[in-house]
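Observations on the model geometry
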Amino acid sequence: MEKDVKISADDLRTERVMLNLGPTHPATHGTLRIIVELDGETIVNCDNEIGYLHRCFEKESERVTWNQVIPYTDRLNYVSPLMNNVGYVMAVEKLLGIDVPERCKYIRVIISELSRIIDHLVCIGTNLVDLGALTNFWYFWEAREAVYDLIEELTGTRMTTAYTRVGGLRADLPEGWVEKTLHVIRNVIPPRIKDVDALITKNKIFMDRTIGVGAISKEDAISYGFTGPCLRACGVPYDIRKDQPYLVYDRFDFDIPIGENGDTYDRYLVRMEEMWQSLRILEQAFAQLPGGPVNVDDPRIILPPKEEVYTNIEALMNHFKLIMEGVQVPPGEVYSATEAANGELGFYIVSTGGGKPYRIKVRPPCFAIYSAFPDLVRGHMIADAIAILGSINIIAGELDR
């Protein structure tokens, strides 16, 4: 008879392994390198390396006129570029001390909330793909494509929109665009949200993969500088649209969804509910949408109509000076923040006077959130790290800038 062999805890210990999770891993989208130290499949330490999509946004902005910065903002959070357009021009307008027309404010709200919805659709849809739930991705992509058709009709392009201008917008809404958008927000987006909700929210596999995974307390989230859905998932009801209203958000009735545990599951639930709240805002915005101009009536800021440029010498001179020299912004500095899809998107702008920025500093929501990633994944497994990464919705364009 063989003698019983006693196994101690020391015998079960394995040698720790260093693993590069990305940037070529599908879940890191070629832009993130996560160096994890593993004990078996348990993450005991983690280090992030960023900079794989650094494009010198802040430095390049010093070389061009104020309006020429707008196309660069498209490349920050390229999943919802219209929100970057709005946030940037609002900062410049704050420095100029101008107020845009009412119709312009409503249109900016409309494009921002449409962008928030498609950003959440992408975040949830791709996260579910990373977890192996492909069907939901196609449901959400159908709704996203419908919105992108609207954006293409409005701006002439799908992603790099450059739709706003300092003092207004590139153009007013196309004829029939309001009716098409109402059809999408009433008949296309809601059924797709309901489909995914029915498939996922009470799904046992999904709940096991996300509840209690990547949890963070509200105190730690605030300490790290969390904003947006990731902060609200911790139970902190902070939303700039409510706490520091801008544009015309104070005229709308909507709720701020919050979670309790700050985990991957709560981040999913918050984004799902935020899409419903954005649809509420859109309905109210269209119902209240006023007529009138979309640009300020100031030839020092807005280009004159083309027909006047071709027939009026003063309009031609204004056009030439704005194109060649840019809007003349007085000396000063300002910080302006909006509630983007991932949280507080802030622009700190310094002007020494003239047609170009002296300095632009972006406060991207992803940067603070991603700094907490090592704490979120510590003690979890590799598969959990993928679920957590998708739930915090890191967009490398604004992370690296």
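Coordinates for the structure precede this section.
Notes on the structure follow. Computed from a predicted model, the values in this text were never measured in an experiment. (Residues numbered from 1 in each chain as written. Predicted model: local features only at pLDDT ≥ 70, side-chain atom pairs only at ≥ 80, totals over all residues. Heavy atoms only, no water.)

Quick look at the sheet that holds strand 7 (residues 343–351) now. Taken in spatial order, the three strands make up an open sheet running 6-7-8, and their pairing is antiparallel. Since the sheet does not close on itself, it has two edges, and those belong to strand 6 (332–340) and strand 8 (359–363), each with one partner. Averaged over all adjacent pairs, the angle separating strand axes in this sheet is 15°, with direction ignored. Relative to strand 8, strand 7 is paired through five bridges, and the arrangement is antiparallel. In the sheet register, Phe 347 faces strand 8, and the bridge partner there is Val 362. Against the sheet, helix 4 (residues 81–96) engages strand 6, strand 7 and strand 8, with an angle of about 150° to strand 6. (Pairing = 2+ DSSP bridges. Helix = DSSP H or I, 4+ residues; strand = E, 2+ residues; numbered from the N terminus. Axes fitted to C-alpha atoms, helices over the stretch in contact; angles between N-to-C directions. Contact = heavy atoms within 4.5 Å.)

We now examine the pattern of salt bridges. In the structure shown here, the tally under the stated rule is 30 salt bridges. Between Glu 113 and Arg 241 there is a salt bridge, and its shortest N-O distance comes to 3.2 Å. Taken as a pair, Glu 113 in helix 5 (residues 102–130) and Arg 241 in helix 12 (residues 240–243) lie far apart in primary sequence, 128 residues in all. Across the pair, exposure class does not vary: Glu 113 and Arg 241 are buried alike. In this structure, a network of salt bridges that share partners links the residues Glu 113, Arg 116, Arg 232, Asp 239, Arg 241, Glu 274 and Glu 339. (Salt bridge = Lys/Arg side-chain N within 4 Å of Asp/Glu carboxyl O. Buried < 20%, exposed > 50% of the residue type's maximum accessible area, 1.4 Å probe, protein only.)

Let us now look at the packing of aromatic side chains. Under the definition given, this model contains 12 aromatic pairs. Centre to centre, the rings of Phe 206 and Tyr 268 are 4.9 Å apart; their planes meet at 70°, and the pair counts as edge-to-face. Of this pair, Phe 206 sits in helix 9 (residues 204–210) while Tyr 268 sits in helix 13 (residues 264–288), and the two are 62 residues apart along the sequence. The class for Tyr 268 is buried, based on a relative accessible area of 6%. On the basis of an interplanar angle of 45° and a centroid distance of 6.4 Å, the ring pair of Tyr 224 and Phe 226 is categorised as tilted. (Phe/Tyr/Trp six-rings, centres within 6.5 Å; stacked < 30°, edge-to-face > 60°.)

Our focus in this paragraph is empty space enclosed by the protein. Using the criterion set out here, one finds two cavities of 30 Å³ or more in the structure. When its volume is computed, the largest cavity comes out at roughly 70 Å³. Around the largest cavity, the lining residues are Cys 123, Ile 124, Asn 127, Leu 128, Phe 206, Thr 210, Thr 264, Arg 267, Tyr 268, Arg 271 and Ser 391. Looking at the lining of the largest cavity, its residues break down into five nonpolar, four polar and two charged. (1 Å grid on protein atoms, 1.4 Å probe; cavity = no way out; pocket = protein on both sides within 12 Å on 5 of 7 lines; lining within 4 Å. Points joined across faces, edges and corners; volume = space filled by probe spheres on them. Nonpolar A, V, L, I, M, F, W, Y, C, P; charged D, E, K, R; others polar.)

Of all hydrophobic cores here, the largest spans 86 residues; its most connected members are Tyr 88, Ile 189, Phe 252, Phe 347 and Ile 349. No other element matches helix 5, which puts 12 residues into this core. With near-sequence residues (within four places) excluded, Tyr 88 lies in contact with Trp 66, Val 69, Ile 70, Thr 73, Phe 347, Ile 349 and Ile 360. Counting residues in each nonpolar core, the second largest holds 33 residues, with Ile 43, Cys 234, Ala 372 and Ile 392 among its members. (Core = buried A, V, L, I, M, F, W, Y, C linked by side-chain atoms within 4.5 Å.)

Turning next to a nonpolar patch on the surface. Taken together, the side chains of Leu 303, Phe 320, Ile 323 and Met 324 present a nonpolar region at the surface, about 420 Å² in accessible area. Checked against the element boundaries, Leu 303 lands in the loop between helix 13 and helix 14 (306–311). (Patch = residues over 30% accessible without salt bridge, like charges linked within 9 Å, V, L, I, M, F, W, Y side chains within 5 Å. Areas by Shrake-Rupley, 256 points an atom, 1.4 Å probe, with all protein chains shown as cover.)

To continue, consider the environment of Leu 247. Note that Leu 247 resides in the loop between helix 12 and helix 13. Look at Leu 247 and you get buried, because its relative accessible area is 17%. On a C-alpha basis, the gap between Leu 247 and Arg 108 in space is 7.9 Å, while along the polypeptide they are 139 residues apart. When neighbours within four sequence positions are excluded, Leu 247 is seen to be in contact with Val 86, Met 90, Lys 105, Arg 108 and Val 109.

A few words now on unusual backbone geometry. Residue Ala 162 is not a glycine yet carries a positive backbone phi of 50°. Along the chain, Ala 162 turns up in the loop between helix 6 (134–155) and strand 4 (164–165). Overall, Ala 162 belongs to the buried group, its relative accessible area being 15%. Here Asn 393, not a glycine, exhibits a phi torsion of approximately 55°, which is positive. By secondary structure assignment, the location of Asn 393 is in the loop between helix 18 (382–392) and helix 19 (396–400).

The next subject is the packing of helix 13 against helix 18. Each packed pair of helices is defined by two parameters, the angle between the axes and the distance between the axes. Packing of helix 13 against helix 18 brings their axes to within 9 Å, and their N-to-C directions diverge by 30°. With respect to helix 18, the element helix 13 is oriented roughly parallel. With respect to the hand of their crossing, helix 13 and helix 18 are arranged in left-handed fashion. Contacts between helix 13 and helix 18 involve Thr 264, Arg 267 and Arg 271 from the first element and Ala 387, Ile 388, Ser 391 and Ile 392 from the second. Its residues assigned to classes, the contact of helix 13 with helix 18 comprises three nonpolar, two polar and two charged. (Parallel < 35°, antiparallel > 145°, perpendicular 65-115°, else oblique. Left-handed = near helix turned anticlockwise from the far one by under 90°.)

A few words on the sheet that holds strand 2 (residues 33–39). Spatially, the three strands line up as an open sheet ordered 1-2-3, and their pairing is antiparallel. On the outer flanks of this sheet lie strand 1 (17–21) and strand 3 (42–49), each paired with one strand and no other. Direction aside, the axes of adjacent strands within the sheet are offset by 25° on average. As paired strands, strand 1 and strand 2 are joined by five bridges and run antiparallel to one another. The residue bridging Val 17 from the neighbouring strand is Leu 38, located in strand 2. Along the sheet face, helix 18 touches strand 1, strand 2 and strand 3 and points at about 30° away from the line of strand 1.

Of all nine residues making up strand 7, eight are buried, and the element is well covered by its neighbours. Where strand 6 folds back onto strand 7 in an antiparallel hairpin, the turn is made up of two residues.

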